[in-house]
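One letter stands for each residue in the lines below.
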Amino acid sequence: MNYNLKMMNMKRLIIATLTLGTFFASTPTLTAQEEIAEAQVELQAPAVSDFVKIDIADLPEAVTAAVAADFAESEIKEAYVNEKANYKLVLTKADEDDQTVYATKEGEWIDEADASPEQ
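Computed from a predicted model, the values in this text were never measured in an experiment.

So, how was this worked out
Residues numbered from 1 in each chain as written. Predicted model: local features only at pLDDT ≥ 70, side-chain atom pairs only at ≥ 80, totals over all residues. Heavy atoms only, no water. Pairing = 2+ DSSP bridges. Helix = DSSP H or I, 4+ residues; strand = E, 2+ residues; numbered from the N terminus. Contact = heavy atoms within 4.5 Å. Axes fitted to C-alpha atoms, helices over the stretch in contact; angles between N-to-C directions. Phe/Tyr/Trp six-rings, centres within 6.5 Å; stacked < 30°, edge-to-face > 60°. Buried < 20%, exposed > 50% of the residue type's maximum accessible area, 1.4 Å probe, protein only.

A short note on the pairing of strand β3 (residues 87-92)
Part 1: With six bridges connecting them, strand β2 (residues 75-81) and β3 associate as antiparallel partners. Opposite Val81, over in β3, you have Tyr87 as the bridge partner.
Part 2: Counted between consecutive antiparallel strands, the loop separating β2 from β3 contains five residues, among which Ala85 sits at a positive phi close to 60 degrees.
Part 3: Bridge count between β3 and strand β4 (residues 99-103): five bridges; the pairing is antiparallel. Paired with Tyr87 across the strands is Ala103, a residue of β4.
Part 4: In textbook terms, the turn of a hairpin is the stretch between consecutive antiparallel strands, and for β3 and β4 this stretch comprises six residues, one of which, Asp95, has a positive phi near 60 degrees.

Observations concerning the sheet that holds β4
Part 1: One open sheet holds the five strands; their spatial order is β1-β2-β3-β4-β5, and the pairing between them is antiparallel. Each of the sheet's edge strands pairs with one partner strand only, and the pair in question is β1 (52-54) and β5 (109-110).
Part 2: Here β1 pairs with β2 via three bridges, running antiparallel. Within β2, the residue paired with Val52 across the bridge is Val81.
Part 3: In this fold helix α2 (residues 61-70) packs onto β2, β3 and β5, with an angle of close to 35 degrees to the strand it touches most, β3.

Brief notes about the packing of aromatic side chains
Part 1: What the rule picks out here adds up to two aromatic pairs.
Part 2: Pairing Phe51 with Tyr102 gives two aromatic rings, centres 5.9 Å apart and planes at 50 degrees, and the pair type is tilted. Of this pair, Phe51 sits in the loop between α1 (2-43) and β1 while Tyr102 is found in strand β4, placing the two residues 51 residues apart along the sequence. Here the two residues Phe51 and Tyr102 agree in accessibility, since each one is buried.
Part 3: Between Phe71 and Trp109, the ring centres sit 5.2 Å apart and the planes meet at 90 degrees, which makes this aromatic pair edge-to-face. Of this pair, Phe71 sits in the loop between α2 and β2 while Trp109 sits in strand β5, and the two are 38 residues apart along the sequence.

Here it is, written out as structure tokens:
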């Protein structure tokens, strides 16, 4: 009986050691995984927009005329302006996805890269 008691205590000691060893071995892994998750969150943070939303009524006449001429079936859903006085317009058209276009204050169409104030 004394032998069985020693074997039982030995099994408990081994199981406790393995349990604690597994816990401590996995702790650095969890920390590393948390750091990776935080890094991914930082990478996925939205970029700060250089454009500020404005009322559609505040658009220059040349911009609204260009939309009417080149996108006759579309309506301006949202309007934005940046420090270079370039405009970002979100156009909507029945039964179609919204379209984003960029224009100068003179109503000339430009690429998104050309609209950026960093240019």
